[in-house]
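The lines below spell out each chain.
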Amino acid sequence: MLRDAVWGDLDLSPELVELLEAPELQRLRWIRQLGTAHLVYPSANHTRFEHSLGTSHVAGRMLTQLGVEDPDLRRLVQAAALVHDVGH
């Protein structure tokens, strides 16, 4: 369980938690999503890591709205959403 400023508590599957521990995802903690906005607005802090967590959560919400119940497909889509920024 992780706390997100926008979405509240995020309940992640064990597979997603394991994926989060990968160095490629951890390095996203230091890449700012908002560029230099924090220099003008000190509270404007949003990293690629936080963005990826939110994207994975929203992907899960979308699957729920679409009625997708297959747990393997859900894990796959949420994992893909989680790693979508690794190339940055």
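We now turn to the structure provided with this report. Since the structure is predicted, the reported quantities are computational estimates derived from the model, not experimental observations. (Residues numbered from 1 in each chain as written. Predicted model: local features only at pLDDT ≥ 70, side-chain atom pairs only at ≥ 80, totals over all residues. Heavy atoms only, no water.)

Taken as a whole and judged by the stated rule, the model has 4 salt bridges. Residue R75 is joined to E15 by a salt bridge in which the shortest nitrogen-to-oxygen separation is 3.9 Å. With a gap of 60 residues between them, R75 in helix α5 (residues 71–82) and E15 in helix α1 (residues 14–20) connect regions that are remote in the sequence. When its relative accessible area of 31% is taken as the criterion, R75 is described as partly exposed. (Salt bridge = Lys/Arg side-chain N within 4 Å of Asp/Glu carboxyl O. Helix = DSSP H or I, 4+ residues; strand = E, 2+ residues; numbered from the N terminus. Buried < 20%, exposed > 50% of the residue type's maximum accessible area, 1.4 Å probe, protein only.)

Further remarks concern the layout of surface pockets. Computed from the structure, the largest pocket encloses a volume of approximately 270 Å³. Around the largest pocket, the lining comprises 17 residues; the ones closest to its centre are D4, A5, H46, E50 and H51. If you list the elements that add at least two residues to the lining of the largest pocket, you get β1 (2–4) and α4 (48–66). The dominant element in the lining of the largest pocket, judged by the number of residues it contributes, is α4, at 6 residues. Broken down by class, the residue content of the lining of the largest pocket amounts to 8 nonpolar, 5 polar and 4 charged. (1 Å grid on protein atoms, 1.4 Å probe; cavity = no way out; pocket = protein on both sides within 12 Å on 5 of 7 lines; lining within 4 Å. Points joined across faces, edges and corners; volume = space filled by probe spheres on them. Nonpolar A, V, L, I, M, F, W, Y, C, P; charged D, E, K, R; others polar.)

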